[in-house]
Amino acid sequence: MSIVFMGTPEWAIPSLKAAVESGIEVSAVFTQPDRLVGRKRELAPSPVKQYALEQNIPVYTPENADSKDTIGVVTSLSPELILVCAYGQILTQQFLDIPDIGCFNLHFSFLPSLRGASPVQNAISSGLKTTGVSLQKIVLRLDSGPLVVCSREIEILNDDTTPTLGSKLSEVSGN
């Protein structure tokens with residue numbers, strides 16, 4: 001099986017690493033373009049790009065995943081499956097139709113609750129006691145596709161912050 005992985009922040013690395021270590025062929029990684037960071041505003045690659053390059057996986061950094069060029073590249077890779085974890089762009093139907101099996105998203109909450117881009121922050125601010133990770137098939141409506149599997153419950157501790165809870169959930173996503 002060959003897959004394309006799409007992700008950007010540090011939290012996406014455990015799921016990419018799990019795919020690599022499982023022996024699945026990761027034919028390419030798509031991540032957000034390098035951005036200016038820090039006080040000196042230096043150009044820096046995303047954590048996922050750094051990890052992928054260390055693994056000798058081809059990396060693409062399109063500004064727009066829906067561009068004709070990006071659609072062409074992904075189509076030419078003939079992925080059976082596309083796995084997304086915190087990529088940062090919404091995919092169009094044309095993109096979703098590329099892989100044979102489909103596009104799947106790792107989402108850091110138990111869907112359908114806490115849809116959207118900030119489920120970790122929302123779990124903490126809502127006072128939830130537990131959360132988890134959902135794997136869902138991607139459809140055009142955000143975080144609305146059928147669920148494939150959910151993780152076990154992860155306790156949200158009183159002193160959890162977005163970074164600590166996000167790190168826990170990212171490790172769970174790798175499993």
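Because the structure is a prediction, the values reported are computed rather than measured. (Residues numbered from 1 in each chain as written. Predicted model: local features only at pLDDT ≥ 70, side-chain atom pairs only at ≥ 80, totals over all residues. Heavy atoms only, no water.)

J.: Can you tell me about a nonpolar patch on the surface, naming the residues and giving the values?
T.: A cluster of nonpolar side chains, Met1, Ile24 and Ile101, forms an exposed patch at the surface whose accessible area comes to about 250 Å². Among the structural elements, isoleucine 101 can be located in the loop between helix 4 (93–96) and strand 7 (102–107). (Patch = residues over 30% accessible without salt bridge, like charges linked within 9 Å, V, L, I, M, F, W, Y side chains within 5 Å. Areas by Shrake-Rupley, 256 points an atom, 1.4 Å probe, with all protein chains shown as cover. Salt bridge = Lys/Arg side-chain N within 4 Å of Asp/Glu carboxyl O. Helix = DSSP H or I, 4+ residues; strand = E, 2+ residues; numbered from the N terminus.)

J.: Got a sec to walk through the confidence of the model for the chain? Specific residues and values, please.
T.: Summary statistics for the chain give a mean pLDDT of 94 and a share of 100% for residues scoring 70 or more. Mean pLDDT values over the elements of the chain span from 87, in strand 3 (residues 35–37), up to 98, in strand 5 (residues 59–60). (pLDDT = per-residue confidence, 0-100.)

J.: Kindly report on the pattern of salt bridges, identifying the contributing residues and their values.
T.: In total, this model carries 4 salt bridges according to the counting rule given. With its nearest N and O atoms 4.0 Å apart, the salt bridge here joins lysine 17 to glutamate 21. Highlighted residues: lysine 17 and glutamate 21, both in helix 1 (residues 13–21), separated by 4 residues, approximately one helical turn. Between aspartate 160 and lysine 168 there is a salt bridge, and its shortest N-O distance comes to 2.7 Å.

J.: I'd like a description of helix 3 (residues 68–77), backed by residues and values.
T.: Looking at helix 3, one finds that the buried residues are Thr70, Ile71 and Val74. Each buried residue of helix 3 lies within a common arc of 100° when the element is viewed along its axis, so the set occupies one face. Turned more than 90 degrees off the buried face of helix 3, the exposed positions are Lys68, Asp69 and Ser76. On its buried face, helix 3 sits against strand 2 (25–30), strand 6 (81–85) and helix 4. Phi turns positive, to about 50°, at serine 78, one or two residues after helix 3. (Buried < 20%, exposed > 50% of the residue type's maximum accessible area, 1.4 Å probe, protein only. Arc of directions from axis to C-beta. Contact = heavy atoms within 4.5 Å.)

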